[in-house]
Amino acid sequence: MSTDSDRRYLWHPYAPVVNPPPVFEAAGGSGARVRLADGVELIDAVSSWWCMAHGHNHPAITSAIREQCDKLTHVMFAGFTHAPAMELAEELRQRLPAGLKHIFFADSGSIAVECAVKMAVQYQMARKLPAKSKLAAHGGGYHGDTIGAMSLSDPNGMHTMFKGLLPKHFFAPMPAVPFDGEWRDEAFAPMQKLLDEHADEIAAVIIEPIFQGANAMRFYHPQYLKKLRAACDAHDVLLIFDEIATGFGRVGRRFAQEYAGVTPDIMCIGKILSGGAVTLAAAVASEQVGEVISEGGRGAFLHGPTYMANPIACAASCASLRLLDQYDWQSRVNAIESRLKDGLAPARAIAGVRDVRVLGATGVIEVAQMPSPQVVRRIVLKHHVWLRPFGNWLYTMPPFICTPDEIDAISETMLDLAAEAAQ
Ligand SMILES: Cc1ncc(COP(=O)(O)O)c(C=O)c1O
């Protein structure tokens, strides 16, 4: 089939409809690879936007979906519950940090962020603190593309053009000390000052723990999170961790919060949760947040998406979480980390490379200048490795099931791109 209908009718993410960039037609997928309509196979080094950790069409996930389809495809979650949602709650309970209890399912990561923000504000309203209706967030942060989520993402990042539309929140600069840098207390001073001055107006602080993704591609020091937890407690402000990208092993711990030993009041999860075949996310609240909202003010939490806790997505997510343990995600992610560290190290010698960083199954080469889209496409087809660099970042977040050879192929492709960028 030609892609004429695509060009004529379909609007792709972050793309124009006039002279859109070319797209590959995917016809199948297996393991780390996507098979194109012309038979070419590409290693999906981006895990299809960071969710496909177990690889494409994993039989455990596809059969969980098939089995659930024979029983119940959907039922509204107001007034009903079902086995897949309850099973998933039990699976999550075994894995979530102690202290997080009440799971509110959402259809996508962005919506989970919206729910977390509404929970925080409703919590403060229930405590008769209606002035605490803003959030504090960070430069370099990214929390999604819906309006609330955009308003909490880096104001100078990819959503700048929507400034006039977005509600105003408070921002501190991005956490300055890198993950393996030497901690300095001054690095927390801007957020400390912000909370000292504005805590009366702030319901919660939101942050991507350890790894700021789509607006920074950067790992920062765990001590920042410890300081943040203490400052939030001292100022009666909730703490929200957005673990949508980092959750379930992506940066080397089950959740990135483990690096700091800090538990938030609300945590957003998504992406690897469902393993990539169907969409599911959640905002998970502490017992206190759940109870205060339920016992004060309106009582009920005022949110209810149509497809909330979709049974097929819950069944897929149960299979996804069990798979992680079955194939020992920790040793696989450790192995990917050391292979990526070795494989990407030569980039440091390439002109125009500003930094090379790896944590868990996430590797980034930061370049002064990005190669053109045409060059990226040529290199992708040369190596049969799908990468989608953006900003100043050549990056990979490969499926955890990648073989050492596949990881090496990804590293070589990134080195080739870095060399092309230097031309
Ligand atoms: C940290 C973070 N939060 C939220 C989102 C939004 O998730 P979704 O694309 O599922 O709406 C993303 C997506 O990349 C993300 O990385």
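For every chain, the first residue of its written sequence is number 1, and the numbers climb from 1 along that sequence. In keeping with the predicted nature of the model, local features appear solely for residues at pLDDT of at least 70, side-chain atom pairs appear and are counted solely at 80 or more, and the whole-chain, interface and lining totals rest on all residues. To get the side-chain values, all heavy atoms of the structure are used, and hydrogens and water are removed first.

Comments concerning the packing of aromatic side chains
Working definition: a ring pair exists when centres of Phe, Tyr or Trp rings (six-membered ring for Trp) sit within 6.5 Å. Plane angles under 30 degrees give stacked, over 60 give edge-to-face, the rest tilted. Enumeration over the complete set of coordinates arrives at eleven aromatic pairs. Ring geometry for Trp50 versus Tyr395: centroids 6.0 Å apart, planes at 85°, classification edge-to-face. Of the two residues, Trp50 sits in helix α2 (residues 47–50) while Tyr395 sits in strand β16 (residues 393–396), which places them 345 residues apart along the sequence. Take Trp50 and Tyr395: they sit in the same class, and that class is buried. Judged by centre distance (5.4 Å) and plane angle (70°), the rings of Phe390 and Trp393 are edge-to-face. Here the aromatic residues Trp50, Phe390, Trp393 and Tyr395 are joined through ring pairs into a cluster of three or more. For a ring to carry a charge above it, either NZ of a lysine or CZ of an arginine must fall within 6 Å of the ring centroid while also lying within 35 degrees of the normal to the ring plane. Looking at Arg377, its charged tip hangs above the ring of Phe24, at a distance of 4.3 Å from the centre. Runs of H or I in DSSP of at least four residues are treated as helices and runs of E of at least two as strands, each being numbered from the N terminus. Remark: exposure states derive from per-residue accessible area (1.4 Å probe, protein chains only) relative to the maximum for the residue type, with buried under 20%, exposed over 50%, and partly exposed in between.

Focus: the environment of Ser274
In this fold, Ser274 is placed in the loop between β11 (266–269) and β12 (281–286). Since its relative accessible area comes to 2%, Ser274 is described here as buried. Expressed as a C-alpha distance, the spacing of Ser274 and Glu90, which sit 184 residues apart in the sequence, is 15 Å. What makes two residues a contact is simply this: any of their non-hydrogen atoms within 4.5 Å. When near neighbours in sequence (up to four residues on either side) are disregarded, Ser274 contacts Ile61, Thr279, Leu280, Ala316, Ser317 and Ser320.

Observations regarding the side chain of Gln124
Checked against the element boundaries, Gln124 lands in helix α5 (residues 109–126). The exposure class of Gln124 is buried, given its relative accessible area of 0%. In the analysis that follows, any N or O atom pair within 3.5 Å is treated as a polar contact, provided that within protein one partner can donate a hydrogen and the other can accept it, and provided that, for residues neighboring in sequence, both atoms belong to side chains. Here the side chain of Gln124 touches Ala203 through a polar contact of 3.0 Å, landing on its backbone oxygen. Setting aside its immediate chain neighbours within four residues, Gln124 contacts Leu129, Pro130, Lys132, Ile202, Ala203, Asp236 and Leu238.

Focus on unusual backbone geometry
Trans peptide bonds make up most of the peptide bonds, and negative phi angles are found at most residues other than glycine. If you check the backbone angles, Lys128 has positive phi at about 65° while not being a glycine. By the element assignment, Lys128 lies in the loop between α5 and β5 (134–138). Phi is positive for His384, which is not a glycine, with a value near 60°. The residue His384 is located in the loop between α12 (373–383) and β15 (385–386) in this model.

Thoughts on the pattern of salt bridges
Whenever Lys or Arg places a side-chain nitrogen within 4 Å of a carboxyl oxygen from Asp or Glu, that contact is recorded as a salt bridge. Scanning the entire structure with this criterion turns up 19 salt bridges. With its nearest N and O atoms 3.1 Å apart, the salt bridge here joins Glu406 to Arg33. Here Glu406, found in helix α13 (residues 404–421), pairs with Arg33, found in strand β2 (residues 33–36); they are 373 residues apart in sequence, far enough to count as distant. A relative accessible area of 28% places Arg33 in the partly exposed class. Across the salt bridge formed by Arg95 and Asp325, the nearest N and O atoms sit 2.7 Å from each other. Separated by 230 residues along the polypeptide, Arg95 in helix α4 (residues 83–95) and Asp325 in helix α10 (residues 311–326) bring together distant segments of the chain. Among the residues examined, Arg95 registers a relative accessible area of 7% and is labelled buried.

Topic: the site of the ligand
When at least one non-hydrogen atom of a residue lies within 4 Å of a molecule or strand, that residue is treated as near it. If you check the shell around the ligand, you find Trp50, Ser108, Gly109, Ser110, Tyr142, His143, Gly144, Glu208, Asp242, Ile244, Ala245 and Lys271 and nothing else. Between Gly109 and the ligand, the recorded distance is 2.8 Å, taken from a backbone N or O atom to an oxygen atom. For the ligand, a nitrogen atom lies 2.6 Å from a polar atom in the side chain of Asp242. Protein chains bury 81% of the 390 Å² of accessible surface belonging to the ligand in isolation. Side-chain classes follow a simple rule in which Ala, Val, Leu, Ile, Met, Phe, Trp, Tyr, Cys and Pro form the nonpolar group, Asp, Glu, Lys and Arg form the charged group, and the remainder, Gly included, forms the polar group. Residue composition of the shell around the ligand, grouped by class: four nonpolar, five polar and three charged. Working definition of accessibility: Shrake-Rupley area with a 1.4 Å probe, residue cover restricted to the visible protein chains.

Section: the pairing of strand β10 (residues 238–242)
A regular strand places its side chains on the two faces of the sheet in alternate fashion. Burial runs high along β10: five of the five residues are buried. Residues Leu238, Ile240 and Asp242 line one face of β10 and the alternating positions Leu239 and Phe241 line the opposite face, and both faces are buried. Strand pairing is defined by DSSP finding a minimum of two bridges between the two strands. Where strand β7 (residues 202–207) meets β10, four bridges bridge the pair, whose relative direction is parallel. By the bridge assignment, Ala204 is partnered in β10 with Leu238. In this structure, β10 lies alongside β11, joined through three bridges in parallel fashion. If you follow Phe241 over to β11, its bridge partner there is Met267.

Section: the sheet that holds β7
The seven strands are arranged β4-β12-β11-β10-β7-β5-β6 in an open sheet whose pairing can be described as mixed. Single-partner strands in this sheet number two, and they are β4 (100–106) and β6 (170–172). Across this sheet, the average inter-strand angle for adjacent strands is 20°, counted without regard to direction. To define axes, lines are fitted to C-alpha atoms, for helices over the stretch in contact only, and angles between the resulting N-to-C directions are given on a 0 to 180 degree scale. In the packing of α5 onto the sheet, the strands contacted are β4, β5, β7, β10, β11 and β12, and the crossing angle to β12 comes to about 25°.

Description of the packing of helix α11 (residues 329–344) against α13
In contact at an axis separation of 9 Å, α11 and α13 are set at 35° when each is read in the N-to-C sense. When the axes of α11 and α13 are compared, the crossing they make is right-handed. Counting all contacts with α11, which are made through Ile336, Arg339, Leu340, Gly343 and Leu344, the residues of α13 involved are Pro404, Ile407, Asp408, Ser411, Met414 and Leu415. Whether a crossing is left-handed or right-handed is set by the direction in which the near helix is turned from the far one by less than a right angle, anticlockwise for left-handed and clockwise for right-handed.

Description of the domain arrangement of the protein
Taken domain by domain, the protein holds domain 1 (4–54 + 328–421) and domain 2 (62–326). What fixes the domain bounds is an automatic or database domain assignment. Taking only C-alpha atoms, the centre of domain 1 and the centre of domain 2 are 26 Å apart. At the junction of the two partners, domain 1 supplies 25 residues and domain 2 supplies 31 residues. Note on definitions: buried area is the accessible-area loss of two parts on being combined, 1.4 Å probe, summed for both. The junction of domain 1 with domain 2 conceals about 2300 Å² of combined surface from both sides, 65% of it contributed by carbon and sulfur atoms. Looking at the side of domain 1 facing domain 2, the largest losses of area belong to Trp50, Trp329 and Leu359, adding up to 32% of the total buried there. Scanning the region where domain 1 abuts domain 2 turns up zero salt bridges. At the boundary of domain 1 and domain 2, one finds 15 residue pairs in polar contact (both at pLDDT 80 or more). For the side of domain 1 that touches domain 2, the secondary-structure elements that each account for two or more residues are α2, α11, β13 (353–359), β14 (362–367) and β16.

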